[in-house]
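A look at the structure
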Amino acid sequence: MLLLKATERNWGLIGPGDWEKRSWKIDADGTFLLKTTFRPVDPNDPDVPENTEEGALSSEQLDILQECIDAYWDNEPGEAGDEGTAWEFKLYEKNGTVIRHRELGYIEGIEPFESIAAMLAEEDTADQ
């Protein structure tokens, strides 16, 4: 059962072969699917390169995620960060209905979004 979808978009300076978007679909049991799409090396190639990985959050990461889900979700705009990435978050009910939605944008200095992003970035680098 889908619990959270978090999407990170690369709004920095990117070129051929760089990642454009990462989407995590996290289930209530902590398992996740991470899909990364890349900018094509050849702009005339209609196929968008992508990579899909499956994994599971640790119990500590699941505890952090639960704390972040229970926290207040502020919709104030964030400031642009050094990395040039923007995030979107969707929290789902058991029936698949979106119950909270943070629109795509910068999240620097805004909790709980920075904590979720840091945890997911940590998971992403652990797989590399």
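It should be noted that the structure appears before, not after, this text.
Every value quoted in this text rests on a predicted model; they were computed, and no experiment measured them.

**Considerations on the sheet that holds strand S1 (residues 2-10)**
Spatial ordering of the open sheet is given by S4-S3-S2-S1-S5-S6, a layout of 6 strands whose pairing is antiparallel. Strands with a single pairing partner mark the edges of an open sheet, and in this sheet they are strand S4 (50-56) and strand S6 (98-105). Taken pair by pair, the neighbouring strands of this sheet meet at an average axis angle of 10°, ignoring direction. Two strands pair when backbone bridges link them, and strand S5 (residues 85-92) and S6 are joined in this way by 5 bridges, in the antiparallel orientation. Bridge assignment links Phe89 to a residue of S6, and that residue is Arg102.

**Re the environment of His101**
Residue position: His101 is located in strand S6. Exposure remark for His101: the relative accessible area of 29% places this residue in the partly exposed category. Counting along the chain gives 97 residues from His101 to Leu4, while the straight-line C-alpha distance between them is 9.9 Å. Leaving out residues up to four positions away in the same chain, His101 has contacts with Trp73, Asn75, Glu88, Phe89 and Lys90. A distance of 2.6 Å separates the side chain of His101 from the side chain of Glu88, its partner in a polar contact. Separated by 3.5 Å, the side chains of His101 and Glu103 make a polar contact.

**Side note on the pairing of S5**
Counted residue by residue, S5 has 7 buried out of 8 residues, so it is predominantly covered. One ladder, built from 7 bridges, connects S1 with S5; its direction is antiparallel. The partner of Leu4 across the bridge, within S5, is Leu91. Connecting the antiparallel pair S5 and S6 is a turn made up of 5 residues, with Gly96 showing a positive phi of about 90°.

**Concerning the packing of aromatic side chains**
Under the counting rule described, the total for this entry stands at 6 aromatic pairs. Ring plane angle 85° and centroid distance 5.3 Å describe the contact between Trp11 and Tyr106, whose orientation is recorded as edge-to-face. With Trp11 in the loop between S1 and strand S2 (19-27) and Tyr106 in the loop between S6 and helix H2 (113-126), this residue pair connects regions lying 95 residues apart in the sequence. The class of Trp11 is partly exposed, set by a relative accessible area of 41%. Since its relative accessible area comes to 23%, Tyr106 is described here as partly exposed. With centroids separated by 5.6 Å and ring planes inclined at 5°, the aromatic side chains of Trp87 and Phe89 adopt a geometry described as stacked. Residue Trp87 shares its accessibility class with Phe89, and that shared class is buried. An aromatic cluster is present here, built from Trp24, Trp73, Trp87, Phe89 and Phe113 joined pairwise through their rings.

**Some points on helix H1 (residues 59-70)**
For H1, with 12 residues, the first-to-last C-alpha span of 16 Å sits near the 16 Å given by 1.5 Å per residue. Of all the residues in H1, the buried ones are Gln61, Leu65, Cys68 and Ile69. What you see down the axis of H1 is that its buried residues fit within an arc of 100°, all on one side. Exposed and facing more than 90 degrees away from the buried side of H1 are Glu60, Asp63, Glu67 and Asp70.

Cut-offs used in this document
Residues numbered from 1 in each chain as written. Predicted model: local features only at pLDDT ≥ 70, side-chain atom pairs only at ≥ 80, totals over all residues. Heavy atoms only, no water. Pairing = 2+ DSSP bridges. Helix = DSSP H or I, 4+ residues; strand = E, 2+ residues; numbered from the N terminus. Axes fitted to C-alpha atoms, helices over the stretch in contact; angles between N-to-C directions. Buried < 20%, exposed > 50% of the residue type's maximum accessible area, 1.4 Å probe, protein only. Contact = heavy atoms within 4.5 Å. Polar contact = N/O pair within 3.5 Å; in protein donor to acceptor, adjacent residues only side chain to side chain. Phe/Tyr/Trp six-rings, centres within 6.5 Å; stacked < 30°, edge-to-face > 60°. Expected span 1.5 Å × (residues − 1). Arc of directions from axis to C-beta.

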